[in-house]
Amino acid sequence: MGDLTGLVGLLAAPTLETLYMVFFSTLFATVLGFPLGIILVVTEKGGILENEYVYRVLDGVVNVLRSFPFIILMIVLFPLSRLVVGTTIGTTASIVPLAIAAAPFVARVVESALKEVDHGLVEAAVSMGSSPKEIIFKVLVPEALPSLVLGQTLTVINIIGYSAMAGAIGGGGLGDLAVRYGFHRFQTDVLIAAVIVIIVMVQMIQGAGNALARRVSH
Amino acid sequence: MIEIKNVVKTFNSGGKGLEALKGISLHIKPGEIFGIIGLSGAGKSTLLRTINRLGEPDSGEIRLGGTDVTKLAPVELRNLRKKVGMIFQHFNLLSSRTVSGNVAFALEVGKWPKRDIPRRVAEMLELVGLSDKADSYPSELSGGQKQRVGIARALANKPSVLLSDEATSALDPKTTQSILALLEDINRKMGITVVLVTHEMGVIRQICHRVAVLEAGRVVEQGRVRDIFMKPRSRTARELLSHLPRMSYDADKLPKEPGKPVVSFSFNGGTADQPIISRAIKTTGAEINILSGEIDNLPASKVGSLTVQLSGTQEEIAGALSYIRSQNVETEVIWNG
Ligand SMILES: Nc1ncnc2c1ncn2[C@@H]1O[C@H](COP(=O)(O)OP(=O)(O)OP(=O)(O)O)[C@@H](O)[C@H]1O
Ligand SMILES: [Mg+2]
């Protein structure tokens, strides 16, 4: 077993890379997925802006994206990564496929959270003369906030998992470290240390998510 | 005020059409409390919801102070809804907002200037007696308190009509009383028209002025509450009335003595609290033995019914009956032998 400071030194940069990838992937996945989820909810049957055509198209797109295995999606999206970031390897490049893989997941999370909101509340809001925009942002989103927080927690944890996979094909971060040292050089201690860091990360995010969800529910 | 003409509504459930409203016409006067009663599935909620178009009627007209609601474009409809408050059986309060926040919601939707909102919220909470709960969340309130918030919210935009769908059906009898008293008070003070859906005759009796009885999508009876209480014509009205605690004669237990007819009297409005019986006794010499009776307190009137046994000479009995009839009391001879 290598000395502890050496190990910490080895882990520091990949940990930061993972955090960087996860943070920005979550951000972009949310920017894409959140509106998508809202559109799904309002256009579905019985929704406040029911539109069968829009719903079926978006629903199909989300399903197709979600059924791609991530590794395949990443390879398929290489050209897009090159277009956006200029390269297909490195942490910044892997943010593109990560965000696109997670966006439909976010959309489903948002959709199911908003669908849980009691229809009676929407009805009361409609009876008061609320516009669709008011119903979305003053009723659906605030009422679903605890579920949204828990759903986003799940999204972040999923992205951590995917980011490790991205690392394996040149994405950097803890996954990359684990593969390079643990798999190619048989340095099991580095592999274990990388896994432990990931576990701690997941635990902290889940804990923070639970605490936040509790705070926003009344 | 509210004119409902030939409203038809069909639901498509599982390929089959279900005609929930089969041509309903009603006229609701400004400032009155109008009850809509019927058994479960009669179409009460469906009818009420067509008034603010929470449900679209297939055909028919719904005029609200002159405008045909069925013809409004989305934006006009939203503006109209701000002037038609609605309260619900399950309150439908936003759990993410405090009591104040829930009332403020209506004002935000009503586009009140931000700085006027707190004052109006305080005013409304005072009206419903919940000023001390302003910062509580709905989860911290009792059912009655939640409904008070619902009422405050529904009235915040100064509507001219309040729609109530089973607003007291989830509440215990005592809380029901207090909510009904509040609605009556608001109706009297603000002159707001109330359309109230219920399946409980007790609610109708307590606060409604007029009532329509619905049976399978049709109005089978409508009129003044006291008339329907005194002479229910439809099966539904009779059935619903039978659920009210009510004293009435029991045919088997009537005393059947020759020459002593048993008669039932129905009083309405002004006659219920006049000493008609004692006057009849004094002026004719007949004896009147009261077997059972009840007096209902309705808003604006009292109605009562009395079952009595008359005795005396033929002339005394006939004189007493004709005197009582002359006082606008309906009489019905139940037994005479
Ligand atoms: N959204 C709907 N889809 C299909 N059928 C409906 C729908 N809403 C109501 N119905 C049907 O229409 C009829 C009238 O329903 P409505 O809810 O108006 O009755 P109600 O008199 O309010 O009954 P309750 O006292 O149980 O509330 C019922 O047969 C009901 O099953
Ligand atoms: Mg109903």
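The structure we're discussing is the one just above.
Just so we're clear, the structure is a prediction, and the values are computed from it rather than from any experiment.

Peer 1: Would you explain the environment of Ile95(A) in this entry?
Peer 2: All names here are of chain A. Here Ile-95 shows up in helix H5 (residues 91-115). Classification of Ile-95 by relative accessible area gives buried; the value is 7%. Residues Ile-95 and Ser-163, spaced 68 residues apart in sequence, show a C-alpha to C-alpha distance of 8.5 Å. Contact partners of Ile-95, with chain neighbours within four places excluded, come to Tyr-20, Met-21, Phe-24, Ser-25 and Phe-28.

Peer 1: Honestly, the nonpolar core in this entry has me stumped. Any pointers?
Peer 2: The nonpolar side chains of soluble globular proteins are, as a tendency, buried together. Counting residues in each nonpolar core, the largest one holds 117 residues, and the members touching the most others are Ile4(B), Ile151(B) and Leu183(B). Here this core gets ten residues from one element, more than from any other, and that element is helix H7 (residues 132-171) of chain A. Each residue touching Ile151(B), except ones within four places of it in the same chain, is listed here: Ile87(B), Val128(B), Ile179(B), Leu182(B), Leu183(B) and Ile186(B).

Peer 1: Teacher, can you tell me more about the interface of chain A and chain B here?
Peer 2: Accessible area lost upon the coming together of the parts serves often as the stated size of an interface. Each partner contributes to the interface: chain A provides 19 residues, whereas chain B provides 23 residues. Taking both sides of the interface into account, the surface hidden between chain A and chain B amounts to around 1900 Å²; carbon and sulfur atoms contribute 56%. For the interface between chain A and chain B, the tally reads three salt bridges. Our enumeration of links across chain A and chain B arrives at seven residue pairs in polar contact (both at pLDDT 80 or more). Elements that contribute at least two residues to the side of chain A that touches chain B include exactly helix H6 (119-127) and H7 of chain A. Looking at the side of chain A that touches chain B element by element, the count peaks at seven residues for H6(A). A per-class count over the side of chain A that touches chain B returns eight nonpolar, six polar and five charged.

Peer 1: So what exactly am I meant to see when it comes to the sheet that holds strand E2 (residues 16-28) of chain B here?
Peer 2: In a beta sheet, neighbouring strands pair by backbone hydrogen bonds and run either parallel or antiparallel. Residues and elements named next belong to chain B. Across the sheet, four strands lie side by side as E2-E1-E4-E5; this open sheet has antiparallel pairing. The open sheet has two edge strands, E2 and strand E5 (67-68), and neither has a second partner. Each of strand E1 (2-13), E2 and strand E4 (59-64) is contacted by helix H1 (residues 44-51), which is oriented at about 60 degrees to E2, the strand it contacts most.

Peer 1: Would you mind going over the site of ligand 1 with me for this structure?
Peer 2: Residues and elements named next belong to chain B. Taken together, Phe-11, Leu-18, Ala-20, Leu-39, Ser-40, Gly-41, Ala-42, Gly-43, Lys-44, Ser-45, Thr-46 and Glu-166 make up the full set of residues adjacent to ligand 1. Gly-41 places a main-chain nitrogen or oxygen 2.8 Å from an oxygen atom of ligand 1. Lys-44 places a side-chain nitrogen or oxygen 2.7 Å from an oxygen atom of ligand 1. Bound to the protein, ligand 1 loses 60% of the 620 Å² it would expose on its own. Of all the secondary structure elements, the ones that give two or more residues to the shell around ligand 1 are E2 and H1. Ranked by residue count, the leading element in the shell around ligand 1 is H1, at three residues.

Peer 1: Just to check I follow, could you spell out the packing of aromatic side chains for this structure?
Peer 2: To describe a pair of aromatic rings, one takes the distance between the centres and the angle between the planes. All names here are of chain A. Per the counting criterion, the structure on display carries four aromatic pairs over all chains. Taking the centre distance of 5.1 Å and the plane angle of 90 degrees together, the rings of Phe-23 and Phe-24 count as edge-to-face. Residue Phe-24 is classed as partly exposed on the basis of its relative accessible area, which comes to 29%. An aromatic cluster of three or more residues is present, and its members are Tyr-20, Phe-23, Phe-24 and Phe-28. Here Arg-185 stacks its cationic end above the ring of Tyr-181, 4.3 Å away from the centre of that ring.

Peer 1: Would you mind showing me how to read helix H10 (residues 276-284) of chain B here?
Peer 2: Because an α-helix packs 3.6 residues into every turn, residues spaced three or four apart end up facing the same way. All names here are of chain B. Listing the buried residues of H10 in full gives Ile-276, Ile-277, Ala-280 and Thr-284. Taken around the axis of H10, the buried residues stretch over an arc of 100 degrees, which confines them to a single face. Looking one or two places after H10, you find Gly-285, whose phi comes out positive at around 85 degrees.

Peer 1: Looking at this structure, how should I read the sheet that holds strand E10 (residues 218-224) of chain B?
Peer 2: Residues and elements named next belong to chain B. Judged by pairing direction, the sheet is mixed, and its six strands sit side by side in the order E6-E7-E8-E3-E9-E10 without closing on themselves. The open sheet has two edge strands with one neighbour each: strand E6 (84-87) and E10. The sheet shows a mean angle of 15 degrees between the axes of neighbouring strands, taken without regard to direction. Sheet analysis places E6 next to strand E7 (residues 161-165), joined by four bridges and oriented parallel. Bridge pairing in E7 places Met-86 opposite Leu-163.

Peer 1: I tried to follow the pattern of salt bridges on my own but got confused; where do I start?
Peer 2: Side-chain pairing between opposite charges can occur once the charged atoms of the two side chains come close. Scanning the entire structure with this criterion turns up 19 salt bridges over all chains. Across the pair Arg56(A) and Glu52(A) runs a salt bridge whose closest N-O atoms are separated by 2.7 Å. Of this pair, Arg56(A) and Glu52(A) are both found in helix H2 (residues 52-67), four residues apart, which corresponds to roughly one turn of the helix. On the basis of relative accessible area, Arg56(A) is assigned to the exposed category, the value being 57%. Given a relative accessible area of 54%, Glu52(A) falls into the exposed group. Salt-bridge contacts for Glu61(B) lead to Arg63(B); the nearest nitrogen and oxygen are separated by 3.0 Å. Taking the relative accessible area as the measure of exposure, Glu61(B) reaches 25% and is therefore partly exposed.

Criteria and thresholds
Just so you know, the residues in each chain are numbered from 1, in the order the chain's sequence is written. Chains carry letters and ligands carry numbers; both start at the beginning, A for chains and 1 for ligands, and go up in the order they are written. In keeping with the model being predicted, local features are shown solely for residues with a pLDDT of at least 70 and side-chain atom pairs are shown and tallied solely at 80 or more, while totals for entire chains, interfaces and linings include all residues. Working from all heavy atoms in the structure, the side-chain values ignore hydrogens and water. In this description a helix means any DSSP run of H or I spanning at least four residues, a strand means any run of E spanning at least two, and both kinds are numbered starting from the N terminus. In this scheme, a residue with accessible area under 20% of its type's maximum is buried, one over 50% is exposed, and one in between is partly exposed, where area comes from a 1.4 Å probe on protein chains only. We call two residues in contact whenever any of their non-hydrogen atoms come within 4.5 Å of each other. To qualify as a nonpolar core, a set must consist of buried Ala, Val, Leu, Ile, Met, Phe, Trp, Tyr and Cys residues joined through side-chain atoms within 4.5 Å. Buried area: the accessible surface (1.4 Å probe) lost by two parts on joining, summed over both. Note on definitions: salt bridges are taken to be side-chain nitrogens of Lys or Arg within 4 Å of carboxyl oxygens of Asp or Glu. Residues adjacent in sequence count toward polar contacts only when both atoms are side-chain atoms; beyond that, a polar contact is any pair of N or O atoms within 3.5 Å, and within protein one must be able to donate a hydrogen and the other to accept it. Note on residue classes: Ala, Val, Leu, Ile, Met, Phe, Trp, Tyr, Cys and Pro are nonpolar, Asp, Glu, Lys and Arg are charged, and everything else, Gly too, is polar. Here, strands pair whenever DSSP counts at least two bridges between them. For helices, the fitted line uses only the C-alpha atoms of the stretch in contact; every axis is such a line through C-alpha atoms, and the angle between N-to-C directions lies from 0 to 180 degrees. Here a residue counts as near a molecule or strand whenever at least one of its heavy atoms sits within 4 Å of it. Note on areas: these come from Shrake-Rupley sampling with a 1.4 Å probe, and a residue is covered only by the protein chains present in the view. Aromatic contacts are taken between Phe, Tyr and Trp rings whose centres are within 6.5 Å, Trp giving its six-membered ring; a plane angle under 30 degrees counts as stacked, one over 60 as edge-to-face, and the others as tilted. Either the NZ atom of lysine or the CZ atom of arginine qualifies as a charge over a ring when it sits within 6 Å of the ring centre and within 35 degrees of the ring normal. It is the directions from the helix axis to the C-beta atoms whose arc is reported.

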